[in-house]
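An overview of the molecular structure
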Amino acid sequence: MLYRDGLMLVIDKPAGIPVHAGPGGGPNLEQGFGQLRFGLPRPPALAHRLDRDTSGCLVLGRHPKALRRLGRLFAGGQVEKVYWAVVEGAPAQTEGRIETGLAKRTRRNGWLMEVDPDGQMAVTDYRVLGAVHGRAWLELRPRTGRTHQVRVHCAALGCPVAGDPAYGRPPPYPPPRTGKGEGGGKTAGEGLLLHARGVAVPLYPARPPVIVTAPVPAHMLAALAGLGYHDAPVMEWTT
C-alpha cells in the first residue's frame, strides 16, 4: 500500500501478475481486493490498468462515487503518470515527444498495438536519464492512455523496452555480467523493465494533487544502478 484516503488507494503492483482475469482465468490482483476494504462494505475497483509485466503505481477507487471521479480525471488526461524504462539502444535526442496514431491488430496468435496514422492519437513525452553499454534509462510521461502506449512508443523510437517479447527483443538474455563498473549489463531473467514510477492525481479541487511514488522493484535495480540510478534527478510534476 502506497497511499490511502477515503476515496482512493494506490498500491505497488508487482510485475508478473495481471490486474484482472483474462479469458483463460488464472491468478490476478482483483482476487485480493476484498482484503483492501478497510471498513467499507465493498472492495475497491480499478481506476485504470497496468500490463501484467509492468510494476508500480496502480490507482483504485474505494467506492462508486470515487471511481466516477477518478474515471473523469483519467479520461480527461488530468492524472500525470511517470514511467521508468530500461530500453535497448538510446534515442537520437535526449528528450522529446512521440505523437502517433495507435490501432489494435489481430493476429493468429493474439493481438498487438501498431503505429497507424488513422488510429487513436497517442502522445508520450520522454527524456533520457542515463545511457551506457547500448542501453538507456528513460523517463516517460504518457499524455494519453492508449493500450501498450509506452511500449509501442519506445519501439517507435528504435529503443524497445528491455525484455519486451511483443514489441522488442525477447528473452532469453545472456548470462549476467559481473564486476564493478559494468553498468547497464543484462541480467538473466530480468523480465520487462518497465515501472510505473509515480502518479499525481488532482483528486480534491481545493488541494494540491496527491503525488505517489513507487519504489524501484528488485528486478530492475541492477539495470538501473548501472545506468546511474543512485544519481537520479528529482522528479518534477506539472499537474
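In short, a report on the structure. (Residues numbered from 1 in each chain as written. Predicted model: local features only at pLDDT ≥ 70, side-chain atom pairs only at ≥ 80, totals over all residues. Heavy atoms only, no water.)

1. Examining the environment of H63
Inspection of the secondary structure assignment puts H63 in the loop between β4 (55-61) and α1 (64-75). Separated by 18 residues in the primary sequence, H63 and A45 place their C-alpha atoms 7.6 Å from one another. Setting aside its immediate chain neighbours within four residues, H63 contacts G6, L7 and L40. (Helix = DSSP H or I, 4+ residues; strand = E, 2+ residues; numbered from the N terminus. Contact = heavy atoms within 4.5 Å.)

2. Structural notes on the state of the cysteines
Scanning the entire structure with this criterion turns up 0 disulfides. No disulfide involves C154; its nearest neighbouring cysteine sulfur is the one of C159, lying 7.5 Å away. Looking at C154, the relative accessible area reads 0%, which means it is buried. Residue C159 is classed as buried on the basis of its relative accessible area of 1%. (Disulfide = S-S within 2.5 Å. Buried < 20%, exposed > 50% of the residue type's maximum accessible area, 1.4 Å probe, protein only.)

3. Things to note about the side chain of N28
Residue placement: N28 occurs in the loop between β2 (8-13) and β3 (45-46). Separated by 3.1 Å, the side chain of N28 and the backbone oxygen of G26 make a polar contact. What N28 contacts, discounting residues up to four positions off in sequence, is I17, P18, V19, H20 and A21. (Polar contact = N/O pair within 3.5 Å; in protein donor to acceptor, adjacent residues only side chain to side chain.)

4. Let's talk about α1
Here α1 spans 16 Å end to end across 12 residues, near enough to the 16 Å set by a 1.5 Å rise per residue. Lining the buried residues of α1 we find β2, β4, β5 (80-88) and β10 (194-201). Trailing α1 by a residue or two, G77 shows a phi angle of about 70°, which is positive. (Expected span 1.5 Å × (residues − 1).)

5. Side note on the pairing of strand β9 (residues 135-142)
Among the 8 residues in β9, 8 count as buried, and that is most of the element. Across the two faces of β9 the burial is the same, with R135, W137, E139 and R141 and A136, L138, L140 and P142 all buried. The sheet contact formed by β5 and β9 spans 6 bridges and is antiparallel. Within the sheet, the bridge partner assigned to A85 lies in β9 and is L138. Inspection of the sheet shows strand β8 (residues 120-132) paired to β9 by 8 bridges, in the antiparallel sense. Across the sheet, residue A131 finds its bridge partner in β9, namely A136. (Pairing = 2+ DSSP bridges.)

6. Remarks on the packing of aromatic side chains
The description of an aromatic ring pair rests on the distance of the ring centres and on the angle between the ring planes. Under the defined criterion, the tally for this structure stands at 3 aromatic pairs. Between the aromatic rings of W84 and W137, the centroid separation amounts to 5.0 Å while the plane-to-plane angle is 80°, which identifies the pairing as edge-to-face. Pair noted here: W84 is in strand β5 and W137 is in strand β9, with a separation of 53 residues, a long-range link. Residue classification places W84 among the buried residues on the basis of a relative accessible area of 4%. Given the relative accessible area of 0%, W137 is considered buried. Ring geometry for W137 versus Y229: centroids 6.3 Å apart, planes at 65°, classification edge-to-face. Of this pair, W137 sits in strand β9 while Y229 is found in the segment after α3 (218-226), placing the two residues 92 residues apart along the sequence. Taken together through their ring pairs, the aromatic side chains of W84, W137 and Y229 make up a single cluster. Taking the ring centre of F38 as reference, the NZ or CZ of R4 above it sits at 4.1 Å. For the cation-ring pair, K104 lies above W111, with the distance from its terminal atom to the ring centre recorded as 4.3 Å. (Phe/Tyr/Trp six-rings, centres within 6.5 Å; stacked < 30°, edge-to-face > 60°. Lys NZ or Arg CZ within 6 Å of the ring centre and 35° of its normal.)

Taken by themselves, the reported measurements are silent on function.
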